[in-house]
Amino acid sequence: MTSAVATPTERLAPRVIVYWLLADGISATFLTGLAWFIGRPIAAEWDKWTPTYEWLLLAACIAFLAVAVLSPPLAFVRWRFGFLDDLLLMRYGILFVEERAVPVRRMQHVDMTRGPIERLFGLATLVVFTAGNEGSAFRVPGLRLARAQELRDRIVEARGDGRL
Amino acid sequence: MTADSEISEQPIEPATDVRPVDSEVVLARGHLHPAILLLRLLDAMRQSVVTVVAGLALGLPWLLAIAAGMFLLQLGYALARYLTLEYRLTATELRVREGLLHRQERRIPLDRIQDLGFESTILRRALGLTVVLVETASGSGVEARLDALSRSHADHLREVLLEARREIVAAQQAEDDAITGPGTADASAADNSTATASTAADEPEWLVHRSTSKELFLRGLTDLRLSAFVVTGFALFEMADYLGFLTQMSGVARGVRDWFAQFDPVVLGLLLLVLLLVVISFGVITGTVGNLVQFHGFQLTLRGSVLHRRFGLLTTRQKTLPRDRIQRVTIEQPWLRRATGYGVVKADSAGGSRAQGEDTAGGWDVVVPLTRLENAFALLPALLPGLEREHLPWQRGSRRLVMRTTIVGVLIGLAGAAALWSTAGSLALLALLTIPIWALLGILAFRNLAYALGDRFLALQHGIVGRYIAYLPTAKIQSVVVRQSPVEQLLGLAELTVHVAGGSPTRLPDLTIENALELRGELARIAAIAAARDWQTRANATATRPPADRVGESQLDPAAPPAGDRRPWTEPRGDGPAADEDHDRPGGAPPDSSRPL
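Everything numeric in this text was worked out from a predicted model, so none of it was measured.

(A) Spotlight on the overall build of chain A. When helices and strands are counted, chain A shows 4 helices and 6 strands. Reading chain A from its N terminus to its C terminus gives the helix and strand order α-α-β-β-β-β-α-β-β-α. Expressed as a percentage of the 164 residues in chain A, the buried residues total 38%. Considering only contacts in chain A between residues 6 or more positions apart, those separated by 24 or more positions represent 51%. Taken as a whole, chain A presents about 9000 Å² of accessible surface, with 63% of it coming from carbon and sulfur.

(B) Summary view of the overall build of chain B. The secondary structure content of chain B amounts to 17 helices and 21 strands. Counting only residues that meet the buried cut, chain B has 50% of its 597 residues in that class. At a minimum sequence separation of 6, the contacts of chain B that also span at least 24 residues come to 63%. For chain B, the accessible area works out to roughly 27500 Å², and carbon and sulfur atoms hold 63% of it.

(C) Up close: the layout of surface pockets. Residue and element names in this part refer to chain B. When its volume is computed, the second largest pocket comes out at roughly 340 Å³. Residue lining of the second largest pocket: 16 residues in total, with R328, T330, E332, H462 and S504 positioned closest to the centre. Elements with a contribution of two residues or more to the lining of the second largest pocket: β12 (326-333), β13 (342-349), β17 (457-462), β18 (467-473) and β21 (506-512). Classifying every residue of the lining of the second largest pocket gives 6 nonpolar, 4 polar and 6 charged.

(D) Representation of the nonpolar core within the structure. All names here are of chain B. Within the largest apolar cluster, 38 residues are counted, with the highest numbers of intra-cluster contacts made by L383 and Y471. Of the residues forming this core, the biggest block, 7 residues, is contributed by helix α12 (residues 373-383). Discounting chain neighbours no more than four positions away, the residues touching L383 are L300, L307, R323, I326, V329, V345 and V367. In this structure, L94, L110, A144 and L161 belong to the second largest nonpolar core, which totals 30 residues.

(E) Representation of the sheet that holds β13 of chain B. Residues and elements named next belong to chain B. Pairing in this open sheet of 7 strands is antiparallel, and the strands run β14-β13-β12-β18-β17-β16-β15 from one edge to the other. In this open sheet, the two strands that pair with only one neighbour each are β14 (366-372) and β15 (395-396). Examined bridge by bridge, β13 and β14 share 4 bridges and lie antiparallel to one another. Bridge assignment links K346 to a residue of β14, and that residue is V366. Where helix α7 (residues 213-221) meets the sheet, its contacts fall on β13 and β14, and the angle it forms with β14 comes to roughly 95°. Against the sheet, α12 engages β12, β13, β14 and β18, with an angle of about 145° to β14.

(F) Layout of the sheet that holds strand β4 (residues 104-109) of chain B. Residue and element names in this part refer to chain B. The sheet built from 4 strands is open, its strands ordered β1-β2-β3-β4 with antiparallel pairing. At either end of the open sheet lies a strand with only one pairing partner, and these are β1 (26-30) and β4. Put simply, the sheet's adjacent strands are angled 15° from each other on average, direction ignored.

(G) Expanded view of the environment of V156 of chain A. Topologically, V156 of chain A is positioned in helix α4 (residues 145-159). Along the chain, V156 of chain A and V104 of chain A lie 52 residues apart, while their C-alpha atoms are 8.6 Å from each other.

(H) Focus on the confidence of the model for chain B. Residues and elements named next belong to chain B. Averaged over chain B, the pLDDT score is 76; the fraction of residues at 70 or greater is 71%. Every residue in residues 352-362 scores below 50 in pLDDT, and together they form 19 contacts with partners more than four places removed in sequence or on other chains. Confidence drops under pLDDT 50 across residues 593-597; counting only partners more than four residues distant or on other chains, this segment forms 13 contacts.

(I) Fine view of a nonpolar patch on the surface. Residue and element names in this part refer to chain B. A grouping of L38, L42, M45, I122, L123, L127, L313 and L314 is seen on the molecular surface, where their side chains present a nonpolar patch of about 660 Å² in accessible area. Secondary structure elements with two or more residues in the nonpolar patch: α2 (35-58) and α4 (122-126). It is α2 that provides the largest number of residues to the nonpolar patch, a total of 3 residues. Counting through the fold element by element, L314 comes out in the loop between β10 (306-311) and β11 (316-322).

(J) How the structure looks around the packing of aromatic side chains. Overall, the coordinates contain 5 aromatic pairs over all chains when judged by the stated rule. Ring pairing ties together the aromatic residues F295, F298 and F311 of chain B, which thus form one cluster. Across from the ring centre of W36 of chain A, 4.5 Å away, lies the NZ or CZ of R40 of chain A, which sits over that ring. Between the NZ or CZ atom of R396 of chain B and the centre of the ring of F446 of chain B, over which it lies, the distance is 5.5 Å.

(K) Region of the structure containing the side chain of R100 of chain A. Residue and element names in this part refer to chain A. Position of R100 relative to the elements: it lies in strand β3 (residues 97-103). Owing to a relative accessible area of 12%, R100 belongs among the buried residues under this scheme. At a separation of 3.2 Å, a polar atom in the side chain of R100 contacts the side chain of E98.

(L) Broad picture of the pairing of strand β9 (residues 299-303) of chain B. All names here are of chain B. Buried residues dominate β9, accounting for 4 of its 5 residues. For strand β8 (residues 205-210) and β9, the ladder comprises 5 bridges, and the chain directions are antiparallel. If you follow W206 over to β9, its bridge partner there is L302.

(M) Structural detail: α2 of chain B. Residues and elements named next belong to chain B. Over its 24 residues, α2 extends 35 Å from the first C-alpha to the last, a length consistent with the 34 Å expected when each residue adds 1.5 Å. Among all positions of α2, only A35, I36, L39, A44, S48 and G55 are buried. Phi turns positive one or two residues past the end of α2, at G59, with a value near 65°.

(N) Structural context of the packing of α2 of chain B against helix α3 (residues 61-84) of chain B. Residue and element names in this part refer to chain B. Running from N to C, α2 and α3 point in directions that differ by 170°, and their axes come no closer than 8 Å. Between α2 and α3, the crossing angle belongs to the class labelled roughly antiparallel. The class makeup of the residues in the contact of α2 with α3 is 16 nonpolar, 5 polar and 1 charged.

(O) View of the pattern of salt bridges. Residues and elements named next belong to chain B. For the coordinates displayed, the defined rule picks out 29 salt bridges over all chains. R97 is the partner of E86 in a salt bridge, and the nearest nitrogen-oxygen pair spans 3.2 Å. A residue pair is termed long-range when its members are at least 10 positions apart, and E86 in strand β2 (residues 86-90) and R97 in strand β3 (residues 93-98) qualify at 11 residues. Overall, the relative accessible area of 12% leaves E86 in the buried class.

(P) Inspection of the packing of helix α13 (residues 400-424) of chain B against helix α14 (residues 434-448) of chain B at higher detail. All names here are of chain B. Closest axis-to-axis distance for the α13/α14 pair is 7 Å, and the angle between their directions is 155°. Considered as vectors, α13 and α14 are oriented roughly antiparallel to each other. Taken as a pair, α13 and α14 cross one another with a handedness that is right-handed. Taking contact as the criterion, the partners of L401, V402, T405, T406, V408, G409, V410, I412 and G413 in α13 are, on α14, T434, I435, W438, A439, G442, I443, A445 and F446. Of the residues contributing to the contact of α13 with α14, the split by class is 11 nonpolar, 6 polar and no charged.

Conventions adopted
- Residues numbered from 1 in each chain as written.
- Chains lettered and ligands numbered in written order.
- Predicted model: local features only at pLDDT ≥ 70, side-chain atom pairs only at ≥ 80, totals over all residues.
- Heavy atoms only, no water.
- Helix = DSSP H or I, 4+ residues; strand = E, 2+ residues; numbered from the N terminus.
- Buried < 20%, exposed > 50% of the residue type's maximum accessible area, 1.4 Å probe, protein only.
- Contact = heavy atoms within 4.5 Å.
- Areas by Shrake-Rupley, 256 points an atom, 1.4 Å probe, with all protein chains shown as cover.
- 1 Å grid on protein atoms, 1.4 Å probe; cavity = no way out; pocket = protein on both sides within 12 Å on 5 of 7 lines; lining within 4 Å.
- Points joined across faces, edges and corners; volume = space filled by probe spheres on them.
- Nonpolar A, V, L, I, M, F, W, Y, C, P; charged D, E, K, R; others polar.
- Core = buried A, V, L, I, M, F, W, Y, C linked by side-chain atoms within 4.5 Å.
- Pairing = 2+ DSSP bridges.
- Axes fitted to C-alpha atoms, helices over the stretch in contact; angles between N-to-C directions.
- pLDDT = per-residue confidence, 0-100.
- Patch = residues over 30% accessible without salt bridge, like charges linked within 9 Å, V, L, I, M, F, W, Y side chains within 5 Å.
- Salt bridge = Lys/Arg side-chain N within 4 Å of Asp/Glu carboxyl O.
- Phe/Tyr/Trp six-rings, centres within 6.5 Å; stacked < 30°, edge-to-face > 60°.
- Lys NZ or Arg CZ within 6 Å of the ring centre and 35° of its normal.
- Polar contact = N/O pair within 3.5 Å; in protein donor to acceptor, adjacent residues only side chain to side chain.
- Expected span 1.5 Å × (residues − 1).
- Parallel < 35°, antiparallel > 145°, perpendicular 65-115°, else oblique.
- Left-handed = near helix turned anticlockwise from the far one by under 90°.

Laid out in C-alpha cells, this is it:
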C-alpha cells in the first residue's frame, strides 16, 4: 500500500521563479507604490494620522514586497508533480501544503494556457478539469512548453479515446 | 493496472446509433393545457399588484404604466408560449418545440430520458394540471419542463414514452451483445443495470420508506438549530439596545423606557427570556407546520434501480433518483435529533434537480425526512446496494485534533486579547476563554470523528454536538486532495478531501499525515480503477448510457424486495464493540462518542 503513497518527484522549470518574480513583482511594486506615494500623503491630511500609522504602513508595504520576492523561490522548492501509473500527482503550497491525486481517466479535458509574459519565458500552464463543481480544475504552472505538450499528449494517450 | 493496458490497445467503438428507420412516426403529441393561461393571468396579476398599490399610494402614474406594461408583457409571453409550444413523441426522441420569434426545437433522445417527474401546486391540481419534468440520466438533471399538461395527457405521455424507451434500450442491448459478445463482467453488468432501469415501468415497486405523521411532526419539532438560539438572543439584545436608543428620542419612547424601568433587572431579564421563548416557539410551530405541508405523505419507493419520492400537501412532488447517480448518502443528526435518536437521510447525486437552481426548500436531496436511526441504517442498502455485504473497519481520527483546536483557540484568544487591550484593559483577558472553549470543541469533535474504508465504500462520521454519518461509493471518486495547514504540519495532521462529480466535496479532517497519505493512495488507486472501468463501459456501450460502475448490480434480483427490507440486520457485523443500539449499522458500528476507544 505504501507504494501508492509515493510522492511525485518532477520539479517545475527553474525559470518559473523569474517569471513569478516578474509577474507578481510588477503588481506588488505597483500596489505598494500606490499605497506609499499616493495613499500616504492623502492619509496624512487626516487629523488623527500619527507616525505610528506611518510605521505600520511602511511595515505592511515591506512585508508585502517581501512576500512577493520570497514566495516564488519557496513555491518552486515545494512544487512537485508526476505520474504514478494512471494518476497525476501534485504537491505544492508554502504555508498550506496540498497533495492532489487525479486519475487520468477522470479528466474531462486538458487546457494549455500561455499568458503573454509566460510566452516570453517559453513557459506554459497545464490545466486539467475533472467533472464536478468545486475543486474540479487542477493547474500545473511553470512548465517548459515542450514538457507541457508532452504531458498533455501523455494524458490524451492514456485516456486513449482522443476526445480531449 | 493490467486492465488499463488492455483497454488502451482496444479499438474504440464509436457511439453506435441504433435508431429505427421509422423515427418519424409520432406516438404522442400535444400542447399545453389552456387552463395554464388562467394561472399565468393570476401570476401576472399577483406580480403587478405591489407596483399598482405603490403607484396609487404614492400618486405616481408612471408606476401604474410600468405595471400595466409588465402585466401585458407577461400575458403576451404566456400566450405566445401556450400557442407555440408543442411536444411530439416519436419512437426515438421527445421533441419540444416553442417560440414565436426565436423558434427552437429541443430533441431529447429517449434513451437519455430516465423518467418523467410530475409536480403540481394546489392551484394546478384544482384544475387537473401537472407540470411534467423530463429527467435525464446523463447527470444534467431536469432537461425540459412542460408547464402544464392535463393529468391524463401527462400519464399517457409517460406510459407511451417509457414503452418506447424500453424498446430502444432492448434493441441497443441486443446490438451491444452482438458487438461485444458475452463480454466482460463489466460490460454485462452495465447492460443489466441499464436494462433494469429501462424496464422500470413493468417492475414491481418496492416501498422503502413511508413517513408517518409522527415522524414528520417530530421533524418540525426538532428542526431547531443551536445557532437559532444565538441568533434570536442576539436579535433581542439588539432590540433592547435599540429601545434604549429610542428612549432618548421622543416622549412616547421615553414612556416605554419608564415602563421598562419600573421593573427591576431580574424581571426585565425574565421578560426577555419569555420573549426569546415566544420567538423560538413561533419558529418551531411554523417549522412543524411547514414540514407537515412540505413532506406530507412522504413515500420512498424503489423500482428497478430507480428511487422514487412522492410527497407534498399543497405542492405535490414526484421525484426520481437513479440509484447509479448517488454519490453520497448522509445520515444527519443535529443535536436535538441526535438526543432523540432520529436522523434525516440525504442523498447527493450527480446532476439532479439542484443543477436547475432548485433550492434546498424543495427537498431535492432529502431521501427520508426523519426516521429512527436504526431504520435509517436498515434502509441504507436500498440506496447503496452492496453496503450490506461491506465490512467497514472503523478507525478514529487522531487525538492530536484536540491539540490542534486548542492551538487555534490560543491564537484566536491572543489575537482577540491584543486587539481589545487598548480599549477594554484587563477585561480583554476574557478573550482567552476561547482556549478552554476550543479545547472542549476539539474533545467533542474527536469523540465523534471516525472513518472507515471498505471494499466499495468510504464511510465517515463527524460532528461536535450533532452527528453526521456519510457513505460514499469509492467508484464515484474524481480526485483526492490531502491538505495541511501550518498548525497541522506542526502536529503531523492532515485533512483529506474527496471530490465527486457534481456534489459537494467530502472532508475527512484530522487524520494523521501517515493515515491521510495511505488513505489517499488507496482511494486514488480505487478511483483510477473505477475510472478505467467506466471508460471501458463507455467505450463498449453507447456514449449516452449512464455509467454503471457497480459490478454487483446484476446480482440484484428484481423480484426480491429491496435489500433494506430483505435484510433486517439482526446480526452485528464487523469486529468493533457492538452495543445494542449499533446492531443495525451496515458494515459494523462506528465508534460511539459515549464510549471512546
